[in-house]
Each structure stands twice: as structure tokens, then as C-alpha cells.
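Summary of the model geometry
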Amino acid sequence: MAKRSRNAKIKRKTTETDISGALVIDGKGKTDIKTGIGFLDHMLTLFAFHGLFDITLKAKGDLDVDSHHTNEDIAICLGKAFKEALGDCKGIKRYGSKEVPMDNAAAKVMVDVGGRYAFVWKIPVCVPAEIVQKEEGYSIAEGKDFFDTFAKNAGINLHVEIYSGEDMHHIMEAAFKAFGIAMDEATQIDVRRKGVPSTKGRID
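A short tour of the structure in this document, coming up. (Residues numbered from 1 in each chain as written. Predicted model: local features only at pLDDT ≥ 70, side-chain atom pairs only at ≥ 80, totals over all residues. Heavy atoms only, no water.)

Details of the overall build of the protein
Defined as follows: Helical segments are the DSSP runs of H or I of at least four residues, strand segments are the runs of E of at least two, and each set is numbered from the N terminus. Radius of gyration means the value over C-alpha atoms here, while the globule rule gives 2.2 Å times the residue count to the 0.38 power. Relative accessibility thresholds used throughout: buried, under 20% of the residue-type maximum; exposed, over 50%; partly exposed, between the two (1.4 Å probe, protein chains only).
When helices and strands are counted, the protein shows 4 helices and 8 strands. Going from N to C terminus, the protein has its helices and strands arranged as β-β-β-α-β-α-β-β-β-α-β-α. Computed over the C-alpha atoms, the radius of gyration of the protein is 16 Å, within 12% of the 17 Å expected from 2.2 N^0.38 for a compact globule of 204 residues. Judged by the C-alpha coordinates and their principal axes, the protein covers about 50 × 40 × 25 Å. Split into buried and exposed, the 204 residues of the protein put 50% on the buried side.

What follows is the structure in C-alpha cells.
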């Protein structure tokens, strides 16, 4: 039986954003990403590189107003793209988990590609309040919203735990790298699995 291509096109146009691109789950980590938010471009490049996903993404948004709409709509697009590309999820491992350090920061991400949405976010009180706000044109709050929106549209359980960090860049970098590796693990094909990875016989 020929291997099914796990790919998806990305297209979303609203009065606030115009987004297009493509996703290849079984890729090589190649990217061409231009969202208009430089920091998000960097994070998504790290996500794709460490997850070995090929992602092309072009976005035009109302950045003169705020980055919120563009950030959220890109998460919607990528979440839906993963859901479409995975299809019935036959043969996948389903679960993935990874801890990643980044200098003085560290994060852990756990995923369950089980067809149901749940999002858990934990960040220690020791993280300075000022770095939760915008830095480099992005914020930890926007990162949280991205993960939450992705999980909702992909239909996955996503747990993100920040262990430590004094720098927003490093905190987000650890989280996005861990997310890529965990998603790669969860979406990999287990040759021993002949059907869907659920005793129910379906993923939903």
C-alpha cells in the first residue's frame, strides 16, 4: 500500500488577515515563513526545524492595529493544517513529550493527538512580570494564546510548562522547540500500529 502524503494547504482570508501556505508533516524542517511578526517567524522556524516539518507561510495582517489577529489566525491555520494532514490518524504514536533548556530558561511540552481539545499552561511566579509583556514585538501572553489556539483547532491536548527563565526570547524559544519535537514524536508512524491509536477505534 502506498504511503499517504500527510500534507495540507493553508488558506484563510478575513477582514483582518490574509494567510496562505502549506504544511508537510513528513518533511525535512524546511521553511519559508513571513508573517510580518519577526519574532513569530523565528519561533515557527524553530518549531518546524526541530519537528522536521516543512512549512511555507505568508501572512498579511492589520499589524498597524496590533499583532493579536495575525498571531491568532496563524495558529488557527496551522492547527487546522495539522488536523487535515493527519486525517484519520491511523498508525500515529499519538503522544509526545519533550523538555528543552535554553540558557537560563527551560520548558516542557506534552501533546496528545487524541481528537479532543485541552490546554494547560503553567508558568512559575519567579518569572519577572515585566517580561510577560511585549519584548521584541511579541509577548509571553501572545505565545500562550498561540499554543491555546493551535490546540483548539488541531483537536489536541497540549500542556506547556515553563520551568524557569529571565528572558522572554529564551522562554519562548524553549517552548517552541519543545513543541516541535513533541509534535514530531506524536505524529510519527509506528509500524506496529495497524489502526488508530485508541481502544475506541477512532480519534475524536
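Points about the sheet that holds strand β2 (residues 17–24)
Let me state the cut-off plainly: Strand pairing is assigned whenever DSSP identifies at least 2 bridges connecting the two strands. Orientation is described by lines fitted to C-alpha atoms, with helices fitted over the stretch in contact, and by angles between N-to-C directions that extend from 0 to 180 degrees. Contacts are assigned to residue pairs that have any heavy atoms within 4.5 Å of one another.
Pairing is mixed across the open sheet formed by 4 strands, whose spatial order is β1-β2-β4-β3. The strands lining the two open edges of the sheet, one partner per strand, are β1 (7–13) and β3 (31–34). The average angle at which neighbouring strand axes cross in this sheet is 5°, direction not considered. Here β3 runs beside strand β4 (residues 54–61); their pairing, made up of 4 bridges, is parallel. Its bridge partner lying in β4, I33 is registered against L57. Those strands touched by helix α1 (residues 38–51) are β3 and β4, and its axis lies near 160° from that of β3.

Section: the packing of aromatic side chains
Keep this limit in mind: Centres within 6.5 Å make a pair out of two Phe, Tyr or Trp rings, where for Trp the six-membered ring is used; the pair is then stacked when the planes are under 30 degrees apart, edge-to-face when over 60, and tilted otherwise.
Tallied over the full model, the rule gives 15 aromatic pairs. When the ring of F47 is compared with that of F150, the centres are 6.4 Å apart and the planes differ by 75°; the resulting orientation is edge-to-face. Of the two residues, F47 sits in helix α1 while F150 sits in helix α3 (residues 140–154), which places them 103 residues apart along the sequence. An identical accessibility class is assigned to F47 and F150; each is buried.

Focus on the layout of surface pockets
Stated formally: Two kinds of site are reported from a 1 Å grid over the protein atoms alone, namely cavities, where a 1.4 Å probe fits but cannot get out, and pockets, open sets with protein on both sides within 12 Å along at least five of seven lines, and residues are called lining when an atom falls within 4 Å of a point. Grid points are joined across faces, edges and corners, and a volume is the space filled by probe spheres set on the points. Residues are sorted three ways: Asp, Glu, Lys and Arg are charged, Ala, Val, Leu, Ile, Met, Phe, Trp, Tyr, Cys and Pro are nonpolar, and all the rest, Gly among them, are polar.
Roughly 190 Å³ of internal volume is contained in the second largest pocket. Around the second largest pocket, the lining is made up of 16 residues, and of these K83, G87, C89, G115 and I203 lie nearest the centre. For the lining of the second largest pocket, the element with the most residues is helix α2 (residues 68–86), which contributes 3 residues. A breakdown of the residues in the lining of the second largest pocket according to their chemical character gives 9 nonpolar, 3 polar and 4 charged.

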